[in-house]
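Residue-level structural notes
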Amino acid sequence: MDKIKITGGNRLNGKIQVSGAKNAALPLMAASLLTDDTLKLSNVPYLADIVTMANLLAQHGVDISFSSSSQQYGKNMSLRADNIHNFTAPYELVRTMRASVLVLGALLARFGQAKVSLPGGCAIGTRPIDLHLKALEQMGAHIELAEGYVHAHTHGRLKGADITFEKVSVGATENILMAASLADGVTILRNAAREPEVCDLAHCLQKMGAQIEGIGTDTIRITGVKKLSGCDHSVISDRIEAGSFAAAVAITGGEVELLGARAEHMQAVIEKFTEAGISISETERGIKITSDGKIECIDIITQPYPGFPTDMQAQMMALLCVADGASMITETIFENRYMHVPELARMGAKIVVHGASAMIRSADELVGAEVMATDLRASLSLVIAALAAKGETIIHRVYHLDRGYERLEEKLSACGAQIERMHDKPNRPFSMPEAA
Ligand code: UD1
């Protein structure tokens, strides 16, 4: 397994191109199942999760090709689902990537059947899919759970329904948005997620011929159509990647322009950086972060969009470890999203967790150590802490990082970070020590 070595202390200066959003690209890829025409996506980040989704769709029968784009990062992708012969999303793929459950709504709406493995727990919590299933049942789907799988089928088309989600769920909103686009009649989604990635999916579905109103609000109205077509669509830029780089610059000090970052998708995050004394301004091509490395303490509560994103919680915690005074973070979305705390503590962070809240007291300095990435965003918090830490940090299990950050070392080292990937040597076969 690869590791990452970071020697802290360098300021970051320069420009970084922000990649396309993983969490927008994954549902967009699943949307290819809704039509037998070609869906062409551009600005798709080239990441492990994207390859997993491509493998999942390919085993359903989607014909997929990647091609290089004229941009520095990302790929163009062409997906054609005119020969779907398998309706099962197997455990091996779903367990490695929860977004696999996004094929459920599309398969069911177009083919009347789907068998999708239950995702099970993951490092950040139990993360059930009950809201997805309840909504599909309201649309007339028959759903059974057996042997770890969701078995779903419908007689005829799914029917439009008036659905109120008990909780705001990104995945459930996306799954039902896709299903409702091909359903018979009108579906209304209340308490729907408003994340930019949900809007990006809705805009692509509109280009494919779907009739959707209320995009970006918590009430979405979809009038189902009989057939959808292909289209060309460019994936929005990754607001979480942009926020992660902003936190890196904030902690090291320096000035970096994030090309392609969209300030309008990052308001809650920008507000918190500003409160912490970091200057963020909009430029013609993105946003610019300027920091002298001094950070004020702040309090953060994670919330569904437009609130502060749970996917930025770990990165902000790393930043607040060296803030002037004590900060409080409260995580309201996932119940177990503080796995990075003991790892940050190995670097000298002073953090106490009580239930859903964490108190972060100022550490005079962070010191490099060997640490372990536990999930995608947690791994970035370790990178951010390491960039400011004294000495050398080795981060293990960086495959988590590869799921969501495109060529991170290259982007950071171009701005002056000392960061390198170390490829592990294969284990040597066991041998007995020679007798003296
Ligand atoms: C998506 C993102 C993930 C991000 C999260 C929150 C993708 C592929 N994943 O995850 O990176 O961290 O949004 O922004 O875009 N819940 C239920 N029942 C359900 C569904 C969800 O109880 O059926 C709960 C979850 O446990 C959680 C909350 O609702 O407490 C929000 O989850 P949700 O928005 O669905 O997150 P994901 O779509 O899994």
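Everything in this summary refers to the structure shown in the same document.

Reading the values: the criteria
Residues numbered from 1 in each chain as written. Predicted model: local features only at pLDDT ≥ 70, side-chain atom pairs only at ≥ 80, totals over all residues. Heavy atoms only, no water. Helix = DSSP H or I, 4+ residues; strand = E, 2+ residues; numbered from the N terminus. Rg over C-alpha atoms; globule rule 2.2 N^0.38 Å. Buried < 20%, exposed > 50% of the residue type's maximum accessible area, 1.4 Å probe, protein only. Contact = heavy atoms within 4.5 Å. Areas by Shrake-Rupley, 256 points an atom, 1.4 Å probe, with all protein chains shown as cover. Lys, Arg positive; Asp, Glu negative; His and termini not counted. Charge placed at Lys NZ, Arg CZ, Asp CG, Glu CD. Patch = residues over 30% accessible without salt bridge, like charges linked within 9 Å, V, L, I, M, F, W, Y side chains within 5 Å. Salt bridge = Lys/Arg side-chain N within 4 Å of Asp/Glu carboxyl O. Pairing = 2+ DSSP bridges. Axes fitted to C-alpha atoms, helices over the stretch in contact; angles between N-to-C directions. Polar contact = N/O pair within 3.5 Å; in protein donor to acceptor, adjacent residues only side chain to side chain. Near = heavy atom within 4 Å. Nonpolar A, V, L, I, M, F, W, Y, C, P; charged D, E, K, R; others polar.

Right, let's talk about the overall build of the protein chain for a bit. Counting its secondary structure elements, the protein chain contains 14 helices and 24 strands. Against the 2.2 N^0.38 benchmark of 22 Å for 436 residues, the protein chain shows a C-alpha radius of gyration of 22 Å, consistent with a compact globule. Projecting the C-alpha coordinates of the protein chain onto the three principal axes gives extents of approximately 65 × 65 × 45 Å. Across the 436 residues in the protein chain, those meeting the buried criterion constitute 55%. Long-range contacts, defined here as pairs at least 24 residues apart, represent 74% of the contacts in the protein chain between residues at least 6 apart. With the model as given, the accessible surface of the protein chain reaches about 17,800 Å², and the carbon-plus-sulfur share is 49%. Where the 42 positive side-chain charges of the protein chain centre and where its 50 negative ones centre are 2 Å apart.

Let us look at a nonpolar patch on the surface. Among the surface-exposed residues, Tyr-46, Val-51 and Phe-66 lie close enough to one another that they form a single nonpolar patch of about 240 Å² accessible area. Of note, Tyr-46 is situated in the loop between β3 (38-44) and α2 (48-60).

Further remarks concern the environment of Ala-247. Along the chain, the position of Ala-247 falls in helix α8 (residues 239-252). A C-alpha to C-alpha distance of 29 Å links Ala-247 and Asp-424, two positions 177 residues apart in sequence. Residues contacting Ala-247, with those up to four places away along its chain left out, are Phe-273, Gln-315, Leu-319 and Ile-384.

Attention now moves to the sheet that holds strand β15 (residues 254-259). Taken together, four strands build an open sheet; the order of strands is β2-β15-β17-β16 and the sheet is mixed. Each end of this open sheet is capped by a strand with a single partner; those strands are β2 (12-17) and β16 (279-282). Sheet twist, expressed as the average angle between the axes of neighbouring strands with direction ignored, equals 15°. Bridge analysis of β15 against strand β17 (residues 286-291) gives six bridges, and the strand direction is antiparallel.

Here we come to the side chain of Thr-173. Within the secondary structure layout, Thr-173 lies in helix α6 (residues 170-181). Sequence-distant contacts of Thr-173, that is, excluding residues within four places in its chain, are made with Phe-165, Leu-189, Ala-192, Ala-193, Val-198 and Ile-220.

As a further point, take the environment of Arg-346. You can see Arg-346 is positioned in helix α11 (residues 340-346). Accessibility expressed as a relative area gives 51% for Arg-346, which makes it exposed. On a C-alpha basis, the gap between Arg-346 and Ala-314 in space is 15 Å, while along the polypeptide they are 32 residues apart. Once residues within four sequence positions are removed from consideration, Arg-346 is found in contact with Val-367, Ala-369, Glu-370 and Val-371. Among the polar contacts listed, one links the side chain of Arg-346 to the backbone oxygen of Glu-370, at a separation of 2.8 Å.

Burial analysis of helix α10 (residues 313-320) places eight of its eight residues in the buried class, the great majority of the element. Residues of α10 that are buried include every one of Gln-313, Ala-314, Gln-315, Met-316, Met-317, Ala-318, Leu-319 and Leu-320, and no others.

Around the ligand, the surrounding shell holds 19 residues, and the nearest of these are Asp-130, Ser-169, Val-170, Asp-311 and Ile-333. Contacts to the ligand include Gly-171, whose backbone N or O atom sits 2.7 Å from an oxygen atom. Between an oxygen atom of the ligand and a side-chain N or O atom of Asp-311, the distance comes to 2.6 Å. Taken by itself the ligand offers 740 Å² of open surface, and the protein chains cover 88% of this. Per element, the largest residue contribution to the shell around the ligand is three residues, and it comes from helix α5 (residues 130-138). Residues that form the shell around the ligand fall into these classes: eight nonpolar, five polar and six charged.

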